[in-house]
Amino acid sequence: MTRTPPETANLPPLVPKLALLKLDKPTTGFYRYLYDVVGRPWHWVDRHRMTDLALGGIITDPHVEIWVPYVGGVPAGYIELDRRNTDADDRRTVNIAYFGLTPEFFGRGIGPWLLRAGIRQAWSSGIDRLTVNTCNLDHPAALPLYQKCGFRPFQMRDALFDPRR
Ligand SMILES: CC(C)(COP(=O)(O)OP(=O)(O)OC[C@H]1O[C@@H](n2cnc3c(N)ncnc32)[C@H](O)[C@@H]1OP(=O)(O)O)[C@@H](O)C(=O)NCCC(=O)NCCS
């Protein structure tokens, strides 16, 4: 969790033909493609289990923003900001629900740039806190990157992973 917006600029990495676009009413097919290519190596499963109706309701919700970096026109990953505040305590919270790149685009600085762009976007609407969930199945660079971007742990829990479920 972080409670303060970043102070430093977010320079794009030296990657030719880099663009960042917000999805406007994404189709479930395109979203499922992104979720699969980004999440498959990391055992992301929850959204695979959703019906198109349920998934479509989330990804077209006006409080959910999905930003996609394109490299030479090819989608390289995404970051999903969830402003649907489900906290009981009334604080304006944005949660980074999903964030990642497809493996072909690792190692070029696109991930840190995308994360910082998402963080700035999240803070742009005046919020109290920004949260993100990560687990030890995620890429080993994920946690250090979150910490470098100012996130501090506020909740930890043990969970058993069963890929068949
Ligand atoms: C995590 C992720 C976004 C990083 O993006 P990236 O563009 O590949 O990042 P980079 O390779 O440019 O490196 C980012 C930093 O992580 C470091 N890093 C790279 N691989 C690492 C590893 N195996 N262990 C620890 N740190 C590592 C880099 O040295 C770099 O640090 P620096 O900024 O101090 O130089 C990307 O790997 C990813 O999408 N992973 C899969 C999905 C995922 O795990 N998402 C997080 C879910 S919560």
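Anyway, here's the lowdown on the structure attached to this text. No experiment lies behind these values; they were computed from the predicted model shown. (Residues numbered from 1 in each chain as written. Predicted model: local features only at pLDDT ≥ 70, side-chain atom pairs only at ≥ 80, totals over all residues. Heavy atoms only, no water.)

1. Quick notes on helix 3 (residues 110-123)
1) Next: Taking 1.5 Å per residue, 14 residues should reach 20 Å; helix 3 reaches 20 Å between its end C-alpha atoms and fits that length.
2) Next: Of all 14 residues in helix 3, 10 are buried, a share of seventy percent or more.
3) Next: The inward-facing, buried residues of helix 3 contact strand 1 (18-22), strand 2 (64-71), strand 4 (77-82), strand 5 (93-101), strand 6 (129-132) and helix 4 (142-148). (Helix = DSSP H or I, 4+ residues; strand = E, 2+ residues; numbered from the N terminus. Expected span 1.5 Å × (residues − 1). Buried < 20%, exposed > 50% of the residue type's maximum accessible area, 1.4 Å probe, protein only. Contact = heavy atoms within 4.5 Å.)

2. Digging into the side chain of Thr28
1) Next: Residue placement: Thr28 occurs in helix 1 (residues 28-39).
2) Next: Note on Thr28: relative accessible area 19%, which makes it buried.

3. Looking at the environment of Asp89
1) Next: Examined against the element boundaries, Asp89 turns out to sit in the loop between strand 4 and strand 5.
2) Next: Residue classification places Asp89 among the partly exposed positions, given a relative accessible area of 35%.

4. A word on the nonpolar core
1) Next: Ile79, Ile96, Phe99, Leu115, Ile119, Leu130 and Phe151 are the most contacted members of the largest nonpolar core, which has 26 residues in total.
2) Next: Within the residue set of this core, elements represented by two or more residues are strand 2, strand 4, strand 5, helix 3, strand 6 and helix 4.
3) Next: When sequence neighbours within four positions are dropped, the list of residues in contact with Leu115 reads Ile79, Ile96, Phe99, Leu145, Tyr146 and Cys149.
4) Next: Trp42, Ile66, Tyr70 and Tyr78 belong to the second-largest nonpolar core, a separate cluster that totals 17 residues. (Core = buried A, V, L, I, M, F, W, Y, C linked by side-chain atoms within 4.5 Å.)

5. Quick notes on the pattern of salt bridges
1) Next: Taken as a whole and judged by the stated rule, the model has six salt bridges.
2) Next: For the salt bridge of Arg84 with Asp82, the shortest nitrogen-to-oxygen distance reads 2.8 Å.
3) Next: For Arg84, a relative accessible area of 31% translates into the label partly exposed.
4) Next: A relative accessible area of 10% places Asp82 in the buried class.
5) Next: In this structure, the salt-bridge partner of Asp128 is Arg92, at a minimum N-O distance of 3.1 Å. Here Asp128, found in the loop between helix 3 and strand 6, pairs with Arg92, found in the loop between strand 4 and strand 5; they are 36 residues apart in sequence, far enough to count as distant. (Salt bridge = Lys/Arg side-chain N within 4 Å of Asp/Glu carboxyl O.)

6. Quick look at the site of the ligand
1) Next: The environment of the ligand is made up of 20 residues, and the closest members are Phe99, Leu101, Gly109, Gly111 and Lys148.
2) Next: Within the backbone of Gly107, one N or O atom sits 2.9 Å away from an oxygen atom of the ligand.
3) Next: With the chains in place, 70% of the 960 Å² that the ligand exposes on its own is no longer accessible.
4) Next: When grouped by side-chain class, the residues that make up the shell around the ligand number 10 nonpolar, seven polar and three charged. (Near = heavy atom within 4 Å. Polar contact = N/O pair within 3.5 Å; in protein donor to acceptor, adjacent residues only side chain to side chain. Areas by Shrake-Rupley, 256 points an atom, 1.4 Å probe, with all protein chains shown as cover. Nonpolar A, V, L, I, M, F, W, Y, C, P; charged D, E, K, R; others polar.)

7. Quick look at the pairing of strand 6
Along any regular strand the residues' side chains alternate between the sheet's two faces.
1) Next: Going residue by residue along strand 6, you find Arg129 and Thr131 tucked away on one face and Leu130 and Val132 tucked away on the opposite face as well.
2) Next: The parallel pair strand 5 and strand 6, bridged by helix 3, forms a crossover whose chirality is right-handed. (Right-handed = clockwise from strand over helix to strand, strands pointing away.)

8. Observations regarding helix 2 (residues 52-59)
1) Next: Considered for burial, the residues of helix 2 that qualify are Leu55, Gly56, Ile58 and Ile59. Along helix 2, the residues classed as buried sweep out an arc of 160° about the axis, all on the same side.
2) Next: Contacts made by the buried residues of helix 2 are with helix 1, strand 2 and strand 4. (Arc of directions from axis to C-beta.)

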